[in-house]
Amino acid sequence: MTEKPFGDVDRLVDVHAHFLTPAYVEAAQAAGHQAPDGMPWWPGWEADEHLELMDKWGIEASLLSVSSPGTHFGDDTAARRLTREVNDAGAEIRRAHPGRFGHLASLPLPDVDGALTELVHALDELDCDGVIVETNVGGRYLGDAEFAPVWEELSRRRTPVLVHPTSPPHAETIALGRPRPMLEFPFETVRAVSDLVFTGAFQRYAGIQWIFTHGGGPLPLLADRIELFRSVLAPDGDPVTDQARNLWFDMAGTPFPHQVPALERAFGTQRLLYGSDYCWTPSFAVDAQVAAIDAADRPGEETWRALAARNGTRLFPRVTRRS
């Protein structure tokens, strides 16, 4: 392992980091995801290499999860089996490296019964730190009434839920042949947030610690426009900006010079988190992201790194305590 160059106070909790297993990649490819979300390749992942990079970047702990396209490829029985396999694998990685890796469990949505069963297994038996869901599952967004039992249980448990973008319906057409993470993923975050606003889910399931990626995408710029429509179509709810201030946002992607300052102006930084998006974001791109964070003008007396480190520990206090 490389020498840790950062002080303990400045070491980050990475809430948006991914792992892969050979069996998962094989299952996804067999289901037709040869070029996942329009990307030209599947990345590799190894725990030891990830740990070395974490020390290079000043990351104390990474919350591992399975990224898009998730674990449900059309068959409920197969999805339940695959989800159990990747969750057991993620929990084993966490146990092998206490204090360095946490784990956000996958759920086999849109199979609600399967998701509830796996939720209990992941949180009660595997002691996972939260769950990950995609912005839509088969074109159905998270405010769909059929998903209510899952949100009710997660809200009761006050569980962190990372909402990860995935390809929207008709992605092949609207993405113009380009990788969906470039534009469609950030807009998927806005679609998911707006759906949860208009269906009243944020207020109904207030116990959930919702985490959205990539600085909320264009949400800081569109919140006022969404509010204009909400005030007419869903007037009983709280204003969009008020609801957004109760959400958590990570800094994955290109946080500076524009993304995070826009998020700060719109919603504040009380719930700003660090996210690398490794291994789908290659190490050289995370190098540039971390350098931009460390070089950015301070938001106040503390650095962006210190602010994100404090918020990450506040949301996931158990992760680093496992060491």
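Above: the structure in question.
Predicted model only: the values in this text are computed from it and were never measured.

About the cut-offs
For every chain, the first residue of the written sequence is number 1, and numbering continues from 1 along that sequence. The predicted nature of this model means local features are confined to residues of pLDDT at least 70 and side-chain atom pairs, given and counted, to a pLDDT of 80 or more, with totals for whole chains, interfaces and linings taken over all residues. With hydrogens and water excluded, all non-hydrogen atoms of the structure serve as input to the side-chain values. We count a stretch as a helix when DSSP gives it H or I for four or more residues in a row; a strand needs E for two or more, and each element gets its number in order from the N terminus. For each residue, the accessible area found with a 1.4 Å probe, counting protein chains only, is set against the maximum for its type, and the residue is called buried under 20%, exposed over 50%, and partly exposed in between. For the charge count, each Lys or Arg is scored as positive and each Asp or Glu as negative, with His and the chain ends excluded. Note on definitions: salt bridges are taken to be side-chain nitrogens of Lys or Arg within 4 Å of carboxyl oxygens of Asp or Glu. Between N or O atoms, a polar contact is any pair within 3.5 Å; within protein, one atom must be a potential hydrogen donor and the other a potential acceptor, and residues adjacent in sequence are included only when both atoms are from side chains. It only takes one pair of heavy atoms within 4.5 Å for two residues to be counted as in contact. Inter-axis angles, ranging from 0 to 180 degrees, are taken between N-to-C directions of lines fitted to C-alpha atoms, where helices are fitted over the stretch in contact. For classification, angles of less than 35 degrees are called roughly parallel, those exceeding 145 degrees roughly antiparallel, those between 65 and 115 degrees roughly perpendicular, and all remaining angles oblique. For any pair of crossing helices, the crossing counts as left-handed if the nearer helix is rotated counterclockwise from the farther one by less than a right angle, and right-handed if it is rotated clockwise. Under the scheme applied, nonpolar residues are Ala, Val, Leu, Ile, Met, Phe, Trp, Tyr, Cys and Pro; charged residues are Asp, Glu, Lys and Arg; polar residues are all the others, including Gly. Pairs of strands are assigned from DSSP output, requiring at least two bridges between the strands. Joining through side-chain atoms within 4.5 Å is the link that ties buried Ala, Val, Leu, Ile, Met, Phe, Trp, Tyr and Cys residues into a set, and such a set is a nonpolar core. Ring geometry is summarised as follows: Phe, Tyr and Trp rings, the Trp one being its six-membered ring, pair when their centres sit within 6.5 Å, and such pairs are stacked at plane angles under 30 degrees, edge-to-face over 60 and tilted between the two. Only residues whose relative accessible area exceeds 30% and that form no salt bridge enter a patch; like-charged residues are grouped when within 9 Å of one another, and nonpolar side chains (Val, Leu, Ile, Met, Phe, Trp, Tyr) when within 5 Å. Here the Shrake-Rupley method, with its probe set to 1.4 Å, supplies the accessible areas, and only the displayed protein chains count as covering residues. By convention, the point assigned to a charge is CZ for Arg, NZ for Lys, CD for Glu and CG for Asp.

(A) Quick peek at the side chain of Arg180. Following the sequence through the fold, Arg180 ends up in helix H7 (residues 180-198). Although Arg180 is buried, it forms no salt bridge, and the closest oppositely charged side chain is Glu172 at an N-O distance of 4.2 Å. There is a polar contact of 2.9 Å between the side chain of Arg180 and the side chain of Ser167. With sequence-adjacent residues up to four places away left out, Arg180 is seen in contact with Asp37, Gly38, Ser167, Pro168, Ala171, Glu172, Ala175 and Phe185.

(B) Seen up close, the packing of helix H2 (residues 47-57) against helix H12 (residues 283-295). Packing of H2 against H12 brings their axes to within 11 Å, and their N-to-C directions diverge by 20°. In this view, H2 runs roughly parallel relative to H12, as classed from their interaxial angle. Crossing angle aside, the handedness with which H2 passes H12 is right-handed. Where H2 abuts H12, its residues Leu53, Lys56 and Trp57 lie against Ser283, Val286, Asp287 and Val290. Here the contact of H2 with H12 is composed, by residue class, of four nonpolar, one polar and two charged.

(C) Examining the sheet that holds strand S7 (residues 160-164) more closely. The eight strands lie next to each other as S1-S2-S3-S4-S7-S8-S9-S10, forming an open sheet whose pairing is parallel. With one partner strand each, in any of the chains shown, strand S1 (12-18) and strand S10 (272-273) form the two edges of the open sheet. Where S7 lies against strand S8 (residues 209-212), four bridges are found, and the strand directions are parallel. Residue Leu162 lies in a different strand from S8, and its bridge partner there is Ile211. With respect to the sheet, helix H3 (residues 76-96) is in contact with strand S2 (59-65) and strand S3 (101-106), its orientation differing from that of S3 by roughly 170°.

(D) Region of the structure containing unusual backbone geometry. The amide bond that connects Phe256 to the next residue, Pro257, takes the cis arrangement and shows omega of 15°. With respect to the helices and strands, the residue Pro257 is situated in helix H11 (residues 255-267). Cis peptide bonds are those with omega within 30 degrees of zero, and the linkage from Tyr278 to Cys279 qualifies with 15°. By the element assignment, Cys279 lies in the loop between S10 and H12. With phi around 55°, Asp37 is a residue other than glycine that occupies positive phi space. By the element assignment, Asp37 lies in the loop between helix H1 (22-30) and H2. Residue classification places Asp37 among the buried residues on the basis of a relative accessible area of 9%.

(E) Up close: the nonpolar core. Ranked by internal contacts, the top residues of the largest apolar core, which has 80 residues, are Trp151, Trp210 and Phe212. Among all residues touching Trp210, those that are not within four sequence positions of it are Trp151, Val161, Val163, Leu196, Phe202, Tyr205, Leu247 and Trp248.

(F) Seen up close, the pattern of salt bridges. Evaluated as defined, the whole model comprises 19 salt bridges. Across the pair Asp111 and Arg80 runs a salt bridge whose closest N-O atoms are separated by 2.6 Å. Here Arg80 lies in helix H3 and Asp111 lies in the loop between S3 and helix H4 (112-125), a separation of 31 residues in the sequence. By relative accessible area, which is 39% here, Arg80 ends up partly exposed. Taking the shortest distance from any N to any O, the salt bridge between Arg140 and Glu146 comes out at 3.0 Å.

(G) The packing of aromatic side chains, seen in detail. One pass over the full model with this rule turns up 13 aromatic pairs. Arranged with centres 5.4 Å apart and planes meeting at 55°, the rings of Trp42 and Trp280 form a pair that is tilted. Of this pair, Trp42 sits in the loop between H1 and H2 while Trp280 sits in the loop between S10 and H12, and the two are 238 residues apart along the sequence. Here the two residues Trp42 and Trp280 agree in accessibility, since each one is buried. Of the aromatic side chains, those joined through ring pairs into one cluster are Trp151, Phe202, Trp210, Phe212, Phe249 and Phe267.

(H) Broad picture of the pairing of S2. Within S2, seven of the seven residues are buried, leaving the element largely enclosed by the surrounding structure. For S1 and S2, the ladder comprises five bridges, and the chain directions are parallel. Its bridge partner being in S2, Val13 is matched across the sheet by Ala61.

(I) How the structure looks around a negative patch on the surface. On the surface, Glu46, Asp48, Glu49 and Glu52 cluster together into a negatively charged patch. Assignment of secondary structure puts Asp48 in helix H2.

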